[in-house]
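Close look at the chain arrangement
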Amino acid sequence: MSTVLPPELDLLLACGSPPSEAAHARISKLLTAPLDWPLLVELAITHGMLSLLARALAEQAPGPAHAEIRDRAAAFSMRSLRMAGELARILKAMQAAGVPAIAFKGSTLAYLAYGDLALRTFNDLDIFVPRAQLPAALDLLAADGYARKTAAWDIGFSGACEIALQRRDPVCEVDLHWLFSPPYFLPFDPVRAMARSIVLRAGGLVARTLCPEDHLLYICIRAARGGWDQAQFPCDLAGIVARCPLDWDDLVHQAERTGCWRALAAGLDLAHELCQAPTPPEVLRRVKQDRAVSRISAQAQLGLSRQASDPAAVAGGALLHLRTLETWWAKARYLWRRALQPNQKDAEWVRLPRRLAAAYYVVRPLRLACTALRRLVR
C-alpha cells in the first residue's frame, strides 16, 4: 500500500528530515508546486514543526508567507528555550532534594534529534521519577506553584502512568511520570532506562535523559499509542538515527524481548519512507519483510494524510493498537484494560468524591460508548 501525501504535508516532512542535498532538492521541488500556505502554516503549528519549516525556508528564495512563518516561528522558538530553562531549574531543584529524575521528549529530544533546543515545539515538560519518589517530587513542585490540573484525578488508578501539573505564573505545564507507558499498552522498563540514562549538556540545560537507543524506542511506543497522529514523530526518529551513534543490536534485541518490535519497526519504516532516515540496510531489510509492520506503516501514513485535510479526523485508534501488539495475550490485556480501567479523562468527564472512586469502573465504559457514538454520528 502507498499513500500520496498532500504537498503541504510532504513539504513539512521534508523540512523535518535530516539536512542533506536530497532533502534540500525535495524541498525546492515541492515549493514549485501550488501550495495552500494557510494550510501549511496550520499543519506546521498543529504538528509542532513551525521552527523546522522556518529553518528550511530560510535557505530558499523568499516566497509567500515566508516572513509570517519566520516571525511566528521565532516566537515558538523563544517559548521552547524558556521551557528548556524551566526544565533545567526544576531538575536542579530535584537533584538538590535528592529526587532522581529523567527528562525526556521536549528539550532533550530537540537536542538529540536536531542539535538545537529551539527547533522542536512542545506543550509541556515530561519528567520521570521512580514511584517511591513521587510524593517528594509532588511536594517540591507544589512549593514552586504547580498544582494538579484535575483535582478529581486519583493517581491510585492502576491505569495511570503520569499526573499533569500546571503553574499559572509564569505559565508552564509538567507531566510527572512514574511509568513511561500506561499499563494497557507496550511496556517500557523504567529501571533499565534509569540505569542507562545519560547526562545531556546543551547551552544552559543540564539534564539527565534517556540514552539515544531508549529515546528512539520510547518515541516509537509513544507514537504508536497516539496512532502516529503527529508528523513530528517520524522526523524525530530520523533525526536520532542521523545524529546519534546507535547500538542497533541492543535496540532490536530490547524491542523483541519486550514485544515492541512492531512499534520500533513501524517507526523506522515511517522515518525512512517519509524522512529518508539513514537506517542500516540490514535493519531496514528486516523491517520491510514484516507484513504486519507494512500494514501499520500504511495505515499511519493514511491517517496523517487524512488529518492534513481534516484536522478533526480520528487517529488510528484501537485497530492500530491491536495491530501493533504482537501476542494474543497482549491484545486481550489491552482490550480488558482499555474497556474497564479508569484514567484521567474519566475523572474529568464525571467528578465524583474520593469515597466513590470505585464507581469510575462503571463510568469508563459509559464514557467510551458515548465517545464512540459521537464519532459514529460525525
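About the thresholds
Every chain is numbered independently, its residues counted from 1 as its sequence is written. Selection of residues for local features in this predicted model requires a pLDDT of at least 70, selection of side-chain atom pairs for listing and counting requires 80 or more, and totals for whole chains, interfaces and linings are taken over all residues. The side-chain quantities take in all heavy atoms of the structure and omit both hydrogens and water. For the purposes of this entry, the term helix denotes a DSSP run of H or I that reaches at least four residues, the term strand denotes a run of E that reaches at least two, and both are numbered from the N terminus. Residue burial is assigned from relative accessible area. The probe radius is 1.4 Å, only protein chains are included, and a residue is buried under 20% of its type maximum, exposed over 50%, and partly exposed in between. Between two residues, a contact is recorded if the distance between any of their heavy atoms is within 4.5 Å. Per-residue accessibility takes into account occlusion by the displayed protein chains alone, with areas from the Shrake-Rupley method and a 1.4 Å probe. Charge convention: Lys and Arg are scored as positive, Asp and Glu as negative, and His as well as the terminal groups of each chain are ignored. Throughout, a charge is located at the NZ atom of Lys, the CZ atom of Arg, the CG atom of Asp or the CD atom of Glu. To obtain an axis, a line is fitted to C-alpha atoms, over the contacting stretch when the element is a helix, and the angle between two such axes runs from 0 to 180 degrees between their N-to-C directions. Relative orientations are named as follows: roughly parallel for angles under 35 degrees, roughly antiparallel for angles over 145 degrees, roughly perpendicular for angles from 65 to 115 degrees, and oblique for any other angle. For any helix crossing, the convention is left-handed if the near helix is rotated counterclockwise from the far helix by under a right angle, and right-handed if that rotation is clockwise. For this classification, Asp, Glu, Lys and Arg are treated as charged, while Ala, Val, Leu, Ile, Met, Phe, Trp, Tyr, Cys and Pro are nonpolar and the rest, including Gly, are polar. Within this analysis, patches are made of residues with over 30% relative accessible area and no salt bridge. Like charges are joined at 9 Å or less; nonpolar side chains (Val, Leu, Ile, Met, Phe, Trp, Tyr) at 5 Å or less. Here, a salt bridge means any Lys or Arg side-chain nitrogen found within 4 Å of an Asp or Glu carboxyl oxygen. In this description, the term disulfide denotes a pair of cysteine sulfurs within 2.5 Å. Between the first and last residue of a helix there are one fewer steps than residues, each counted as 1.5 Å, and that sum is the expected span. Directions from the helix axis toward the C-beta atoms define the arc. A pair of strands is treated as paired once DSSP finds two or more bridges between them.

Assigned secondary structure in the chain consists of 18 helices and seven strands. Projected onto the principal axes, the alpha-carbon positions of the chain cover approximately 60 × 45 × 45 Å. Counting over 378 residues, the chain shows a buried share of 54%. Across the chain, every contact between residues at least 6 apart in sequence was considered, and the portion connecting residues at least 24 apart equals 69%. Summed over all atoms, the accessible surface of the chain reaches about 17,200 Å², with 57% contributed by carbon and sulfur. Once the 45 positive and 36 negative side-chain charges of the chain are each reduced to a mean point, those two points are 6 Å apart.

Moving on: the packing of helix α1 (residues 7-16) against helix α3 (residues 37-46). Running from N to C, α1 and α3 point in directions that differ by 50°, and their axes come no closer than 9 Å. By the criterion of interaxial angle, the relationship of α1 to α3 is oblique. Handedness of the crossing formed by α1 with α3: right-handed. Where α1 abuts α3, its residues E8, L9, L11 and L12 lie against L39, L40, L43 and A44. Residue composition of the contact of α1 with α3, by class: seven nonpolar, no polar and one charged.

The phi torsion of most residues other than glycine is negative, and most of the peptide bonds are trans. Omega for the peptide link from D169 to P170 comes to -10°, which places this bond in the cis form. Position of P170 among the secondary structure elements: in the loop between β4 (162-168) and β5 (171-177). Phi at K105 is positive, roughly 55°, even though this residue is not glycine. When you line up the elements, K105 lands in the loop between β1 (102-104) and α6 (106-114). In this model, Q276 sits at a positive phi of 55°, which is unusual for a non-glycine residue. Summarising the element assignment, Q276 is placed in the loop between α12 (261-275) and α13 (281-289). Judged by its relative accessible area of 41%, Q276 is partly exposed.

What follows is about the environment of L186. Looking at the element boundaries, L186 is found in the loop between β5 and α8 (190-196). Along the sequence, L186 and A263 sit 77 residues apart, while their C-alpha atoms lie 8.7 Å from each other.

We now examine a positive patch on the surface. Side chains of K345, R374, R375 and R378 sit close together on the surface and give a patch of like positive charge. Looking at the element boundaries, R378 is found in the segment after α18 (360-377). Residue R378 is classed as exposed on the basis of its relative accessible area of 63%.

What follows is about the state of the cysteines. Per the stated rule, a full pass over the model turns up zero disulfides. The thiol of C15 is unpaired, and the distance to the nearest cysteine sulfur, on C235, comes to 8.9 Å. What makes C15 buried here is its relative accessible area of 2%. Sulfur of C211: no disulfide; nearest cysteine sulfur belongs to C244 and is 9.9 Å away. When its relative accessible area of 5% is taken as the criterion, C211 is described as buried.

One pass over the full model with this rule turns up 19 salt bridges. Notably, a salt bridge pairs R196 with D250, separated by 3.2 Å at the nearest N-O pair. With R196 in helix α8 and D250 in helix α11 (residues 248-257), this residue pair connects regions lying 54 residues apart in the sequence. Accessibility expressed as a relative area gives 25% for R196, which makes it partly exposed. A relative accessible area of 21% means that D250 is categorised as partly exposed. What emerges from the salt-bridge pattern is a single network uniting E86, R89, D144 and R167.

Let us look at helix α16 (residues 328-340). Helix length check: α16 (13 residues) gives 18 Å between terminal C-alpha atoms against 18 Å at 1.5 Å per residue, within 8%. Residues of α16 that are buried include every one of A330, K331 and Y334, and no others. Buried positions in α16, seen along its axis, are confined to an arc of 100° and lie on one side of it. More than 90 degrees from the buried face of α16, the exposed residues found are W328 and W329. Among the structural elements, α12 and α15 (317-324) are those in contact with the buried residues of α16.

Before going further, it helps to spend a moment on a nonpolar patch on the surface. Together, W336, L340 and Y361 make up a nonpolar patch on the protein surface, roughly 300 Å² of accessible area in all. Relative to the assigned elements, Y361 resides in helix α18.

Turning our attention to the pairing of strand β2 (residues 125-128). The alternating pattern of β2 places L125 and I127 and D126 and F128 on opposite faces, both of which are buried. Where β1 meets β2, three bridges bridge the pair, whose relative direction is antiparallel. Across the sheet, F104 pairs through a bridge with D126, a residue of β2.

You can see I296 is positioned in helix α14 (residues 291-309). Residues I296 and H321, 25 residues apart in the sequence, show an inter-C-alpha distance of 9.2 Å. Discounting chain neighbours no more than four positions away, the residues touching I296 are W228, R262, A266, L320, R323 and T324.

Function-wise, these values are silent; they only describe arrangement.
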